[in-house]
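Observations on the three-dimensional arrangement
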Amino acid sequence: MEVGVPSARSRALAVLRVRSRALAVGLLPAALAVVLVAARMTGRLAGDPWPAVTLAVCAAAVVVLLVWGAFAAVVLRASPAVTPTVPLSESAAPDLYRLVRDLADRMDVPAPSAIALTPDCDSWLEDRTHAAHRRGGRSAGPESQPGAAPVLVIGSPFLWWMRVAELRAVLAPVVAGTGPSAHPDIADARGFVRGLDAAVDVGGRPGLGWIAGPARLLLRLCRVDAAEMERGVAAAASDRAQGVDYGLRIVAQEQVGLAYAGWDRLLTRVALPAWRMGRWPAHLDAGVVSALTELSRRDRLAEGFTSRLGERPACDLLDQPGAIDEATSLLAARLFHGGPSEPGPDWSPVDWTAYPEEVVDRKWRTEAARLHSALDALSAPAGAAAPAVSAPAVPAGAPGKTAPGTPVPAAAAPAGTAPAPPDAFTGPTLERVLGYLTDPAGDGAPGEALAGRLSGDLAREERASGPADGAGKARGADAVPLFPLQPPRSGRDLLADHVTAMVCCAAVDSAGAAPGLDWLDGPVLLVGGARRSDLAPRVLSLVEDGDPGPLRDWLADLGVRPEKPVRLV
C-alpha cells in the first residue's frame, strides 16, 4: 500500500464523522419528540405539564427537520464549481489519450474518463460526476456518469513547450491520483466538502442567506481533515508514480517553472494590451514557445533548455493543434480579462504577424489621443504664443466652454489644478506635451493635474464600456474574470505610459521608426530594426521632475520632430 493512503482514508472518515454529527444534531429534536410521545402513550408521563411539553417539542422537531432537510437538499443538489476548460475529445487527440492510458496501465490505476485543457501552467484531476452538472449541461459524456473517473485537466502551455517524454513524466503523479480517488470513503468526503462549498455560494442568493452560515460552520469543522486528506492522496499518488520516469521528472519540473515564468510574462506584457484594445491573440500557446525561447536566451540560468526543441513537442499529440490553441487562447482572454466567450466585431482575433500594426500602433495612438483630450479638458492653450490677459475670465469648472486651441487665462483651469502653460504649437504635437510638462520649479504640479485627469478619463471609459459579455453575470467561482491581470496603476504610471505612447507615435511618423513586439516585454519601439530600450528613464525625468532635457536629446539623436503633428486614432 502506498504511503499516504491510510492517512487519507482516516482523514476522509474524520470528514464523514462531521457529516454524521451534523445529521445527528438535525435528528436530535425528532428523537426527543419520539421518546416523549412514546412515554405519553404508555402512561409514563401523565398529567401536566407533559402534554404541553410534548406538543412544543414535536413542533420544534418538525421545524428543525424542515430546516435541516432543506439544508441537506441544498448541499446535495448545489452545483460544485467546475473549472472552465477546453474539452479534448479522443478523436481530437488520440495519441494523447493513448499516452495517458498507458500511464494508468503502468501504475495500475483507473484511466481518467476524459481530458481537458486549461490556459494555465498546472495539471490536476477534476470530478464532474455531480448530477447538477448533467442537469445544467456543463458536462456531458462518460465523465459525467455516476462513478466515472475524474477528468484530467492539463495546462495548455505544457503541450507546446514540453517534449512528449517530459509531459509523460509530469503527468504520471497526476494520473496516479485516480487510484486513491476511487476509494469510496475519499470520494464521499470530497463530495461532502464540494457540496458545502457550493452551498456557501447558494447562500448568496436572495432568500437563501441562512444557508451560508451552517455551511461555513461545517467547512471550518472539517477544514483541517480535508486538507490532510488531500495531502495523503497526493503522497499516495507520488509514491505510486515513483517507478515511472522518475529521473526525467526531476528535469521536467525545471521546465514547469520556466513555463510558468514565460506564460506569466506573455499574458501580462503581450496579451493584456491586446485584450484592452478589444483584440485577443489567437495563438497564445504558440507564442509561449517564442517567449520561453527568448527567456532562455536572456537568462543564463536557462541556458541549454532550448536544445530540447529538436525533440518531438507534446502538441504533436493533437490532431489540430492550431484550432486547440485558438480555443484555449479565447478561454484565457475570458478567464484573465473577462472578455466575451465568443468572437465578435468588437472582440476579434489577431495573429502574431499583425500584432505590431493592429495592437501596438493602435494602442500608442489611442493613448496619445487620450493624452491630448486630457490637455484639451485642462484648457491647455494650443495656439497662443503668450497668455491672453485681455480675454474674459471663464468660471472655474467650465473649461468645456472654451474651444481647444483658444487662449484662455489661468483662471479657466479646473479648481485645484496647475495653470496651463502657454503652448505655441497647434494640433496633436509632442511639443505641446513637452511644453505642458516642463516645470522649472520642479514641484510637478502640471504633471499631477494631467495624471489626475487621465486617471479620471480612463475610469470613465471603463465604466462606459461596462462588463464584457458574460462577465459579472455568474456568481462565485463561475464569475469571470477568475484571475484578473489588471495591475493597479498610479496616475504617474498612467501619465508615463501615455507620454511614452506619444513619443513613439512621433518617432514612427517623423523618424521612420516602427512598432514592434518583444515576447517578454510586449510593445516596443524599433529604430532601424533594433529595439530602443533607453526611452523609459527619459520619460520619467520629464514626468516626475519636469525636466525635458534628456528626452529632447534622445529625440534629436533619432531625428524626431516634436513640432510635427502626429496621427491619432
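Note: the structure precedes this text.
Residue indices follow the written sequence of each chain, beginning from 1 at its first position. For a predicted model such as this one, the threshold for reporting local features is a pLDDT of at least 70, and the threshold for listing and counting side-chain atom pairs is 80 or more; totals across whole chains, interfaces and linings nevertheless cover every residue. In computing side-chain properties, one takes all heavy atoms of the structure into account and sets aside hydrogens as well as water.

1. Some details on the overall build of the protein chain
For clarity, the cut-off: A run of H or I in DSSP counts as a helix once it spans at least four residues, and a run of E counts as a strand once it spans at least two, with each numbered from the N terminus. Here the term buried applies to any residue with accessible area under 20% of the maximum for its type, exposed to any over 50%, and partly exposed to those in between, with areas from a 1.4 Å probe on protein chains only. Only heavy atoms matter for contacts: two residues are in contact if any of them lie within 4.5 Å across the pair. Using a 1.4 Å probe, accessible areas were evaluated by the Shrake-Rupley method; residue-level cover was limited to the displayed protein chains.
When you go through the protein chain residue by residue, the secondary structure sums to 18 helices and 9 strands. Sorting the 569 residues of the protein chain into buried and exposed places 46% on the buried side. For the protein chain, long-range pairs separated by at least 24 residues make up 78% of all intrachain contacts whose partners lie at least 6 apart in sequence. With an accessible surface of roughly 26,000 Å², the protein chain has 58% of that area assigned to carbon and sulfur atoms.

2. Observations concerning the pairing of strand 7 (residues 514-518)
Stated formally: Two strands are counted as paired when DSSP detects at least two bridges linking them.
In this structure, strand 7 lies alongside strand 8 (residues 522-527), joined through 5 bridges in antiparallel fashion. Residue Leu-517 lies in a different strand from strand 8, and its bridge partner there is Pro-523. Here strand 7 hands over to strand 8 after 3 residues, the two strands then running antiparallel side by side.

3. Concerning the pairing of strand 4 (residues 151-155)
Within strand 4, 5 of the 5 residues are buried, leaving the element largely enclosed by the surrounding structure. Residues Val-151, Val-153 and Gly-155 of strand 4 are buried on one face, and the alternating residues Leu-152 and Ile-154, pointing to the opposite face, are buried as well. In terms of strand pairing, strand 2 (residues 114-118) meets strand 4 through 5 bridges, oriented parallel. Residue pairing across strands places Ile-115 opposite Leu-152, the latter belonging to strand 4. Sheet analysis places strand 3 (residues 123-126) next to strand 4, joined by 4 bridges and oriented antiparallel. Within strand 4, the residue paired with Leu-125 across the bridge is Leu-152.

4. Examining the side chain of Thr-328
Stated formally: Here a polar contact is taken to be a pair of N or O atoms separated by no more than 3.5 Å, where protein atoms must pair a possible hydrogen donor with a possible acceptor and residues adjacent in sequence count only if both atoms sit in side chains.
Summarising the element assignment, Thr-328 is placed in helix 12 (residues 321-337). According to the relative accessible area criterion, Thr-328 is buried, its value standing at 1%. A distance of 3.0 Å separates a polar side-chain atom of Thr-328 from the backbone oxygen of Asp-325. The contact partners of Thr-328, leaving out residues within four places of it in the chain, are Val-86, Leu-117, Pro-119, Ser-156 and Asp-285.

5. Some thoughts on the environment of Asp-188
Within the element layout of this structure, Asp-188 appears in helix 8 (residues 184-202). Since its relative accessible area comes to 39%, Asp-188 is described here as partly exposed. The spacing of Asp-188 and Ala-12 is 176 residues in sequence and 8.0 Å in space, taken between C-alpha atoms.

6. Observations concerning the packing of helix 11 (residues 284-298) against helix 12
Stated formally: To obtain each axis, a line is fitted to C-alpha atoms, and for helices this fit is confined to the stretch in contact; angles are then taken between N-to-C directions over 0 to 180 degrees. We call two directions roughly parallel when the angle between them is under 35 degrees, roughly antiparallel when it is over 145, roughly perpendicular when it lies between 65 and 115, and oblique otherwise. Gly is put with the polar residues, along with every residue not named as nonpolar or charged; the nonpolar set is Ala, Val, Leu, Ile, Met, Phe, Trp, Tyr, Cys and Pro, and the charged set is Asp, Glu, Lys and Arg.
Closest axis-to-axis distance for the helix 11/helix 12 pair is 7 Å, and the angle between their directions is 90 degrees. Classified by the angle between their axes, helix 11 and helix 12 sit roughly perpendicular to one another. Touching Leu-284, Asp-285 and Ala-286 of helix 11 are Asp-325, Thr-328, Ser-329 and Ala-332, all from helix 12. Of the residues in the contact of helix 11 with helix 12, the class split is 3 nonpolar, 2 polar and 2 charged.

7. Brief notes about the sheet that holds strand 8
In space, the 3 strands of this open sheet follow the order 7-8-9, with antiparallel pairing throughout. Two strands lie at the open edges of the sheet, namely strand 7 and strand 9 (530-531), each paired on one side alone. Bridging between strand 8 and strand 9 involves 2 bridges; their strand directions are antiparallel. Note on strand 9: the bridge partner recorded for Val-527 is Ala-530.

8. Observations concerning the side chain of Ser-156
Looking at the secondary structure, you find Ser-156 in helix 5 (residues 156-161). A relative accessible area of 0% means that Ser-156 is categorised as buried. Residues contacting Ser-156, with those up to four places away along its chain left out, are Thr-118, Pro-119, Asp-120, Asp-285 and Thr-328.

9. Considerations on the sheet that holds strand 2
Taken together, 4 strands build an open sheet; the order of strands is 1-2-4-3 and the sheet is mixed. Taken across any chain shown, the strands that pair with only one partner, and hence form the sheet edges, are strand 1 (86-88) and strand 3. On average, adjacent strands in this sheet sit at an angle of 30 degrees to one another, irrespective of strand direction. Relative to strand 2, strand 1 is paired through 3 bridges, and the arrangement is antiparallel. Residue pairing in the sheet places Pro-87 in a bridge with Ala-116 of strand 2. Together, strand 1, strand 2 and strand 4 form the strand contacts of helix 3 (residues 94-107), whose direction differs from that of strand 2 by roughly 115 degrees. Against the sheet, helix 12 makes contact with strand 1 and strand 2, and its axis sits at roughly 155 degrees relative to strand 1, the strand it touches most.

10. Here we look at a nonpolar patch on the surface
What counts here: Candidate patch residues must exceed 30% relative accessible area and have no salt bridge, after which like charges are joined if within 9 Å and Val, Leu, Ile, Met, Phe, Trp or Tyr side chains if within 5 Å. Any carboxyl oxygen of Asp or Glu within 4 Å of a side-chain nitrogen of Lys or Arg constitutes a salt bridge here.
A contiguous nonpolar surface patch, about 340 Å² in accessible area, is contributed by Tyr-246, Leu-248, Ile-250 and Val-251. Counting through the fold element by element, Ile-250 comes out in helix 10 (residues 246-276).

11. Structural notes on unusual backbone geometry
In this structure, Asp-108 takes a positive phi of about 55 degrees despite not being glycine. Counting through the fold element by element, Asp-108 comes out in the loop between helix 3 and strand 2. Owing to a relative accessible area of 65%, Asp-108 belongs among the exposed residues under this scheme. Of note in this structure, Asp-245 is not a glycine but carries a positive phi near 50 degrees. By secondary structure assignment, the location of Asp-245 is in the loop between helix 9 (209-240) and helix 10. Residue class for Asp-245 comes out partly exposed when judged on its relative accessible area of 22%.

12. Quick notes on the environment of Ala-198
Turning to its location among the elements, Ala-198 is positioned in helix 8. Expressed as a C-alpha distance, the spacing of Ala-198 and Val-75, which sit 123 residues apart in the sequence, is 7.1 Å. Among residues more than four places away in sequence, those in contact with Ala-198 are Ala-78, Ser-79 and Pro-80.

13. Overview of the pattern of salt bridges
In the structure shown here, the tally under the stated rule is 27 salt bridges. Put simply, Asp-316 and Arg-312 hold a salt bridge, and the shortest N to O gap is 4.0 Å. The exposure class of Asp-316 is partly exposed, given its relative accessible area of 39%. Arg-312 sits in the partly exposed class, given a relative accessible area of 41%. In this structure, Arg-460 and Asp-457 form a salt bridge, with 2.4 Å as the shortest nitrogen-oxygen distance. Of this pair, Arg-460 and Asp-457 both sit in helix 15 (residues 445-465), 3 residues apart, which is roughly one turn of that helix.

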